[in-house]
There are 2 protein chains.
Amino acid sequence: MTASTNGAAPDLSRLSLNQKTVNAATVPEVVELCRATGIGSVGLWREPVADFGLQATVDLVAEAGLRVSSLCRGGWFTATGAAFEEAIASNHAAIDEAAALEADCLCLVVGGLPAGSRDLSGARRQVAKALEVLVPHATEAGVKLALEPMNPIYAADRGVLSTLEQALDLAAPYSADVVGVMADTYHVWWDPKLPQQLLRAGNEGRLLSYQICDWITPLPVDTLLARGMMGDGHIDFESTTRWVTEAGYTGDIEVEIFNADIWAADPRQVVDTMIERYASLVAPYAG
Amino acid sequence: MTASTNGAAPDLSRLSLNQKTVNAATVPEVVELCRATGIGSVGLWREPVADFGLQATVDLVAEAGLRVSSLCRGGWFTATGAAFEEAIASNHAAIDEAAALEADCLCLVVGGLPAGSRDLSGARRQVAKALEVLVPHATEAGVKLALEPMNPIYAADRGVLSTLEQALDLAAPYSADVVGVMADTYHVWWDPKLPQQLLRAGNEGRLLSYQICDWITPLPVDTLLARGMMGDGHIDFESTTRWVTEAGYTGDIEVEIFNADIWAADPRQVVDTMIERYASLVAPYAG
């Protein structure tokens, strides 16, 4: 693959730093990393935003001229009883936070099987039910809900939503102004129907977010932290980025990496590497 | 879930012991385990069959009155150049062995991405090409080729074939007398289209094998050995077995478990546990 930069500074206006990639960084530190490097957008997480303060984050992001590509995360809908009601309450709060931050979308990680349950179909129905409850609030708040299909490696314990096709089917009853999908390369790279379902998402106006990181082998011991920097693994970012672009996606391209080694590294070095890989492996194919 | 046995000896005529479940056992030891417990069928692997001798295995299995539910395995088609030709030669030999053993099918694990390659579509085309080369020989030998979709956790390094739908699409150009699919619960349990694609496989006459084991979490460090005994994980064997049965499958139900703890245990105890779990979790729903 070739670098697009030819020595010139790469265009980072569509690059987004998801703060999970520099996991130990506070909101001000993440904003400063973006400002110092010319990254145009940031993906925020609710917990560090709460730590710094919602209004303070809104102000800081505005002052830095950054967009918020996503707020992570709502979801965890597969609990039952009181835990389900708690999850719904938490998601209502997340919608308000996403509205305040003017985030492009609220990321929904739907949750795995309830403890001791093997009822996968039931858990999936629970997700549909939660969506039904949340859509009116999201509509009113002007927040787009982004269903995130997850790699089947997490089907039991994190996300019973496994493919873009399934996510789009789940979104179908609702306006594309309110419910769409995220495509995270780590979760969807293996899908034989990926190009087709990306195009469908674009045609339906539901492709809300393009997240990138790599699939590395052997998988680290903690498979939650199995994501790699682009270029370190097996994913073809050229093809995937072309498909996303052909689907009409012009939004931010967000790098979200869960990886113990990357989390232990110097955040600025991580961001510099991320920029370099983005510029050579992704940006040239992003239209 | 309820046991079907009510104190009576369970019917094990459709149960098959894949010899990988008792990994250290030789062919005679595996056959003896089946004979001693009343298991009706055995899934064999090429390497231990070669160790004991092909004709000796044919004779021993016949003498024991066992069926051979599958021969594992052909495949590894995604290599290029000379390695591809070697793989094809090995698959030709596997077809002859499957014919000699009168195996219900030859299991095909198609292989992952070639080293250093990120061309997933290309690897998948390579599988189609290999199939085209092998079908005439399989037809002549009367051997059914069973494409095994693998859990996407293995898409990079073991199997670029990821769903039953994809496997059935790949099989479609060929007679159902020669090319079909295997459904292994570990690989397909998460698939939102599982019931639909099992039914399709049945309708097309291509459901050649039903393999069972469980998806356990947390995943063991070596994810190749991440399979669990039925009942130890998250898979709903009742629903899956009902779907397989509704798809018209009346063949053997083969237990194939890769798991270091199970491999280290006493083989007879493993088989006894397997029988107990099969009788309570699977057999009642197998029609």
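Before going into details, it helps to say that this report is about the structure given with it.

Cut-offs used in this document
Starting afresh in each chain, residues are numbered from 1 along the sequence in its written order. Chain letters start at A and ligand numbers start at 1, both assigned in the order the entries are written. With pLDDT at 70 or above as the cut-off, local features in this predicted model cover only qualifying residues; side-chain atom pairs require 80 or more to be listed or tallied, and sums for whole chains, interfaces and linings still use all residues. Here a strand pair is declared whenever DSSP counts at least two bridges between the two strands. Helix and strand definitions here come from DSSP, where helices need a minimum of 4 consecutive H or I residues and strands a minimum of 2 consecutive E residues; each element is numbered from the N-terminal end. Angles run from 0 to 180 degrees between N-to-C directions of axes, and those axes are lines fitted to C-alpha atoms, restricted for helices to the stretch in contact. Two residues qualify as being in contact provided that their C-beta atoms, derived from the backbone, are within 7 Å of each other. Throughout this description, any angle smaller than 35 degrees is read as roughly parallel, any larger than 145 degrees as roughly antiparallel, any in the 65 to 115 degree range as roughly perpendicular, and the remainder as oblique. Crossing handedness follows the turn of the near helix against the far one: under a right angle anticlockwise gives a left-handed crossing, and clockwise gives a right-handed one. Under the scheme applied, nonpolar residues are Ala, Val, Leu, Ile, Met, Phe, Trp, Tyr, Cys and Pro; charged residues are Asp, Glu, Lys and Arg; polar residues are all the others, including Gly. Superposing copies: least-squares fit, C-alpha atoms only, residues required to have pLDDT of at least 70 in both.

All right, on to the sheet that holds strand β2 (residues 41-45) of chain B then. All names here are of chain B. With parallel pairing, the 8 strands of this closed barrel are ordered in space as β1-β2-β3-β4-β5-β6-β7-β10. Put simply, the sheet's adjacent strands are angled 30 degrees from each other on average, direction ignored. Here strand β1 (residues 15-18) runs beside β2; their pairing, made up of 3 bridges, is parallel. Directly across from S16, in β2, lies its bridge partner S41. Along the sheet, helix α6 (residues 164-171) makes contact with β5 (145-147) and β6 (179-184), crossing β6 at roughly 170 degrees.

The next thing to look at is the environment of A138 of chain B. All names here are of chain B. As for its placement among the helices and strands, A138 is situated in helix α5 (residues 120-141). As for A138 and T245, which are separated by 107 residues in sequence, their C-alpha atoms are 27 Å apart. Ignoring anything within four residues of it in the chain, the contact list for A138 reads I95, V143, L145 and V178.

Residues and elements named next belong to chain B. Two elements in contact, helix α8 (residues 194-203) and helix α9 (residues 237-246), have axes whose closest approach is 8 Å; the angle formed by their N-to-C orientations is 30 degrees. In terms of orientation, α8 lies roughly parallel with respect to α9. The two elements α8 and α9 meet at a crossing, and its hand is right-handed. Residues L194, P195, L198 and L199 of α8 touch α9, and the partners they reach there are W243, V244 and E246. Partitioning the contact of α8 with α9 into residue classes produces 6 nonpolar, no polar and 1 charged.

Attention now moves to the relation of the copies chain A and chain B. In the superposition of chain A on chain B (RMSD 0.0 Å, axial shift 0.0 Å), the rotation amounts to 180 degrees. Overall, the copies show the geometry of a two-fold rotation axis. Across chain A, the rotation axis passes nearest the C-alpha of V221 of chain A, at a separation of 2.5 Å.

No statement about biological role is implied by the geometric values presented.
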